[in-house]
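Here is what each chain is made of, one letter per residue.
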Amino acid sequence: MQHLVPVIAANLREAVRSLYGARLRTLLGLIGIMIGIASVITMISTGDIATAQLLKDFEARGTDILTIRKADSLMTAAARRRGSRIVLGDALELADTLPSVAEAAPRVQSHGGFSYRGKSVGNGAIQGVTASFASLNKLKMAEGRFVSDLDIGRYYCVVGADIATAMRRHRANAGIGDTLNISGRLFTIVGMLEPNPESYALPFQVDANDSVFVPITTANRIAPKAEIELIIAQVQARFHYSTAARDVQSYFSERVRGLVVEVTSAEQLIEQMKSQVGLMALLLGAVGSISLIVGGIGIMNIMLISVAERRREIGIRRALGASRRDIQFQFLIEAFLLTVSGGIAGLLLGVGATYGICQFTDWEFFVSPISGIAGIGVSTIVGLFFGFQPAYQAAHLDPIAALQGGE
């Protein structure tokens, strides 16, 4: 062991000298490996961060949420002709009837324009909802209150943050008690929402910022033909989501002949999302690996050129007593240094690129230590793999032919 240390140190010094002597070629090889490693780390880390962010969005709303919609594609032609649909009364009684459902919030949605004091302040969704809609979707009030289940048929509304901002451009103290014109009907504002970030991980969008919320019984007056297009339900803690889903489907099929509803749970979506993101991370890693392989081939070419240019040096070393193993070890160390240096630079570049993506998307930044260790490990393997052939070729050069400049 004590004999090996000075030998390795001497080989390392010689490797640094040789690589420094061909600076441009060394730099090009480093760039190839650096881009490959950076691509792998950036793509894998971004996939992990995206997964964590989506899971965070789900957890903020709760993983015990069900979304219920009418499934036209699964209904018979006769049921579609009859116009089988979710009835408001059935939707409101859902939580009281099924033990597996703790709370349910149906939604009727239409679109229209909003004006305040004769000035347009927006054009968006008119959402007919119940009081439960706010709690299930974590909507927070900036002023006033949300619509109540006691506001039956009343022309009350809650405005989103963007509409409230537009109103205050026309009148600074616009707020609770003012009148908003919604599609030609006058509504009294009873509440204003705080800005609500939209989550595209969910199978539905709330669009709270540019919407107005009215009692669901009032929404039927504005758009009599509008159907309940969505019910958001919360599963009781002691029940599994699959049990609640079956109960909901049976409930509506019994209430309305031929009606079929599609029930999607947050846990199902999380499982699907993990599978999809895992596949995407695998594909992204494969794309990054292609860059790494290209960089490895570049390393092999550089080392082969180095062997060709240093034939006389190899011949002299063999003539002075160096063994084939010594020559092979020398060139493997050069390939190892080249790829590990590129790997470290690629790791730093990958971390920087991941940080930049997180800043642009407002995601929480982190880099898995495993991806960093894997990046350095892979770069080392690439160096040894692609450096073996040039090192083997250098070790098996005929010393006499090398000194004479022949093949």
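Rules of the game
- Residues numbered from 1 in each chain as written.
- Predicted model: local features only at pLDDT ≥ 70, side-chain atom pairs only at ≥ 80, totals over all residues.
- Heavy atoms only, no water.
- UniProt positions renumbered as here; feature names shortened; annotations may be inferred.
- Helix = DSSP H or I, 4+ residues; strand = E, 2+ residues; numbered from the N terminus.
- Buried < 20%, exposed > 50% of the residue type's maximum accessible area, 1.4 Å probe, protein only.
- Contact = heavy atoms within 4.5 Å.
- Expected span 1.5 Å × (residues − 1).
- Arc of directions from axis to C-beta.
- Salt bridge = Lys/Arg side-chain N within 4 Å of Asp/Glu carboxyl O.
- Polar contact = N/O pair within 3.5 Å; in protein donor to acceptor, adjacent residues only side chain to side chain.
- Core = buried A, V, L, I, M, F, W, Y, C linked by side-chain atoms within 4.5 Å.

In the annotation of an unreviewed UniProt entry, the entry for the chain reads FtsX-like permease family protein, and the organism field reads Aphanocapsa feldmannii 277cV. Here the chain is described in UniProt, under the heading Subcellular location (unreviewed entry), as follows: "Cell membrane". Checking UniProt for the chain, the heading Sequence similarities (unreviewed entry) contains the comment "Belongs to the ABC-4 integral membrane protein family."

Considering the overall build of the chain
Along the chain, the regular secondary structure elements total 14 helices and ten strands. The buried share among the 407 residues of the chain stands at 45%. For the chain, the proportion of contacts with a sequence separation of at least 24, taken over those separated by at least 6, is 80%.

Let's talk about unusual backbone geometry
In this structure, Arg-117 takes a positive phi of about 55° despite not being glycine. With respect to the secondary-structure elements, Arg-117 resides in the loop between β2 (101–116) and β3 (119–129). Non-glycine residue Ser-183 carries a positive phi angle of around 50°. Counting through the fold element by element, Ser-183 comes out in the loop between β6 (179–182) and β7 (185–193).

Re helix α9 (residues 241–255)
Three- or four-residue spacings in an α-helix give side chains the same orientation, since the helix completes a turn every 3.6 residues. Given a rise of 1.5 Å per residue, 15 residues ought to cover 21 Å, and the 21 Å separating the end C-alpha atoms of α9 matches this to within 8%. Buried residues of α9: Tyr-241, Ala-244, Ala-245, Val-248, Tyr-251 and Phe-252, and no others. The arc that holds the buried residues of α9, viewed along the axis, is 130°, so those residues lie on one side.

Points about the UniProt feature "transmembrane region" (unreviewed entry) in the chain
The UniProt record marks residues 27–46, 279–308, 329–353 and 365–388 with the feature "transmembrane region" (unreviewed entry), using the residue numbering of this structure. Span residues 27–46 is 100% helix and 0% strand, its end C-alpha atoms 27 Å apart. Counting secondary structure, residues 329–353 comes out at 100% helix and 0% strand; the distance between its end C-alpha atoms is 35 Å.

Examining the environment of Leu-150
On the secondary structure map, Leu-150 appears in the loop between β4 (141–144) and β5 (156–159). Look at Leu-150 and you get exposed, because its relative accessible area is 76%. Separated by 65 residues in the primary sequence, Leu-150 and Pro-215 place their C-alpha atoms 8.9 Å from one another.

Overview of the pattern of salt bridges
Inspection of the entire model under this criterion finds nine salt bridges. Residue Lys-70 pairs with Glu-227 through a salt bridge whose shortest N-O separation is 3.1 Å. You can see Lys-70 sitting in strand β1 (residues 65–70) and its partner Glu-227 sitting in the loop between α8 (216–222) and β9 (228–235), a full 157 residues away along the chain. Overall, the relative accessible area of 33% leaves Glu-227 in the partly exposed class. Among the salt bridges present, the one from Arg-255 reaches Glu-93, with a minimum N-O distance of 3.2 Å. Of the two residues, Arg-255 sits in helix α9 while Glu-93 sits in the loop between α4 (88–92) and α5 (94–97), which places them 162 residues apart along the sequence. Relative accessible area serves as the criterion here: at 35%, Arg-255 is assigned to the partly exposed category.

Here's the deal with helix α7 (residues 161–170)
Those residues of α7 that sit buried are Ala-161, Ile-163, Ala-164, Ala-166 and Met-167. Where the residues of α7 are buried, they touch β2, β3, β5, β6, β7 and β8 (212–215).

Things to note about the side chain of Asp-90
Secondary-structure assignment places Asp-90 in helix α4. Under the relative-accessibility criterion, Asp-90 is labelled buried at 11%. Here Arg-255 takes part through its side chain, which lies 2.9 Å from a polar atom of the side chain of Asp-90. Discounting residues that sit within four places of it in the chain, Asp-90 has contacts with Tyr-251, Phe-252, Arg-255 and Val-256.

Examining the nonpolar core
Within the largest apolar cluster, 49 residues are counted, with the highest numbers of intra-cluster contacts made by Leu-180 and Phe-252. Top element by residues in this core is α9. It accounts for six residues. Residues contacting Phe-252, with those up to four places away along its chain left out, are Ile-68, Ile-86, Asp-90, Ala-91, Leu-94, Ile-231, Leu-259 and Val-261. Formed by 21 residues, the second largest nonpolar core is a distinct cluster that contains Leu-332, Val-382, Phe-386 and Ala-395.

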